[in-house]
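# Reading the structure
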Amino acid sequence: MKVLLTAWHESATCRWCEKTRPCVTTSFSDGFLKEAPMCWKCLETSVRVRQRTEEEPATPPSEQRKAP
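If you're wondering where the values come from, they're calculated on a predicted model, not measured in any experiment. (Residues numbered from 1 in each chain as written. Predicted model: local features only at pLDDT ≥ 70, side-chain atom pairs only at ≥ 80, totals over all residues. Heavy atoms only, no water.)

We now examine the pattern of salt bridges. Under the defined criterion, the tally for this structure stands at two salt bridges. Among the salt bridges present, the one from Arg-50 reaches Asp-30, with a minimum N-O distance of 2.6 Å. One end of the pair, Arg-50, is in helix α1 (residues 40-55); the other, Asp-30, is in the loop between β2 (20-28) and β3 (36-38), and 20 residues separate them in sequence. Residue class for Asp-30 comes out partly exposed when judged on its relative accessible area of 36%. The salt bridge involving Arg-48 is made with Glu-44; its shortest N-O contact spans 2.8 Å. Taken together, the positions of Arg-48 and Glu-44, both in helix α1 and four residues apart, correspond to about one turn of that helix. Here Arg-48 falls in the partly exposed class, since its relative accessible area comes to 40%. (Salt bridge = Lys/Arg side-chain N within 4 Å of Asp/Glu carboxyl O. Helix = DSSP H or I, 4+ residues; strand = E, 2+ residues; numbered from the N terminus. Buried < 20%, exposed > 50% of the residue type's maximum accessible area, 1.4 Å probe, protein only.)

Pasting the structure below:
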């Protein structure tokens, strides 16, 4: 996962928390968010959420253990 930060905004509405704060324009390489203004706190949270999503197995663990 790559995150591209392209612009700084002194005041913008964060896409994640919807509060007016200093923000950066953020795009995730996998399309999770594109050209979204985000405050630093929410950017950190969104990176963690996206990273966990990538680490999750494709099939639930309960289905992985079932024999054919």
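With that settled, the discussion passes to the pairing of β2. Note: strand β1 (residues 3-13) against β2, eight bridges, orientation antiparallel. The partner of Leu-4 across the bridge, within β2, is Ser-27. Where β1 folds back on β2, the antiparallel hairpin that results is connected by six residues, among which Glu-18 adopts a positive phi of roughly 60°. (Pairing = 2+ DSSP bridges.)

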